[in-house]
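Each chain is listed here by its residues.
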Amino acid sequence: GACLLKQENRLNPGGRGCSDFFFGCELSGHTRSFTFKVEEEDDAEHVLALTMLCLTEGAKDECNVVEVVAQNHDHQETAVPVANLKLSCQPMLSLDDFQLQPPVTFHLKSGSGPVRITGRHQIVTMSNDVSEEEIEEEDSEEGKLSIPSRQQCVQRP
């Protein structure tokens with residue numbers, strides 16, 4: 001099963017609210033797949049950022065292949081193996097915030113695990129307090145190039 005714990009909640013410039021939640025699930029011989037999905041009616045942008053896959057207590061010294069099924073840029077479902085873990089040579093793999101758009105399904109294609117998958121569920125929402133015109137103004141200001149004046153540039157020997 002999944003474990004989602006609230007980590008941080010902040011409001012970014014432009015009225016965009018951002019919440020991060022811890023994500024975790026475990027695949028094993030008993031639970032060979034897990035699907036992470038969000039509500040269809042939700043207007044927020046959701047990202048699942050994977051940080052690590054690791055074998056946990058009780059794992060055998062066998063190849064454990066984990067496959068991710070998600071949509072590609074053409075909205076076609078694609079299955080990709082992301083890890084081949086073995087207790088004696090590679091018991092864990094860092095994925096460095098590998099980002100996926102839900103829905104995402106994890107499959108334990110071979111091996112009996114248990115394999116723990118961890119990451120962050122990021123939710124970006126638009127605040128109702130800020131109008132779209134204000135956001136467009138801020139976005140256009142962010143795009144301007146700022147060149148420091150000669151007085152601001154200090155050369156060091």
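Each remark here, short or long, concerns the structure printed above.
Residues numbered from 1 in each chain as written. Predicted model: local features only at pLDDT ≥ 70, side-chain atom pairs only at ≥ 80, totals over all residues. Heavy atoms only, no water.

## Focus on the pairing of strand β3 (residues 33-36)
By the alternation rule, side chains of β3 split into Phe34 and Phe36, which are all buried, and Ser33 and Thr35, of which none is buried. Bridging between β3 and strand β8 (residues 104-110) involves 4 bridges; their strand directions are antiparallel. Residue Thr35 lies in a different strand from β8, and its bridge partner there is Thr105. (Buried < 20%, exposed > 50% of the residue type's maximum accessible area, 1.4 Å probe, protein only. Helix = DSSP H or I, 4+ residues; strand = E, 2+ residues; numbered from the N terminus. Pairing = 2+ DSSP bridges.)

## Side note on the packing of aromatic side chains
Counted according to the given criterion, the structure contains 3 aromatic pairs. Each ring, one from Phe23 and one from Phe34, has its centre 6.1 Å from the other, and the planes form 45°; the classification is tilted. Residue Phe23 is located in strand β2 (residues 16-27), and its partner Phe34 is located in strand β3; the two are separated by 11 residues in the primary sequence. Taken as a pair, Phe23 and Phe34 share a single burial class, namely buried. Taken together, the ring pairs connect Phe23, Phe34, Phe36 and Phe106 into an aromatic cluster. (Phe/Tyr/Trp six-rings, centres within 6.5 Å; stacked < 30°, edge-to-face > 60°.)

Any link to function would need more than the numbers given here.
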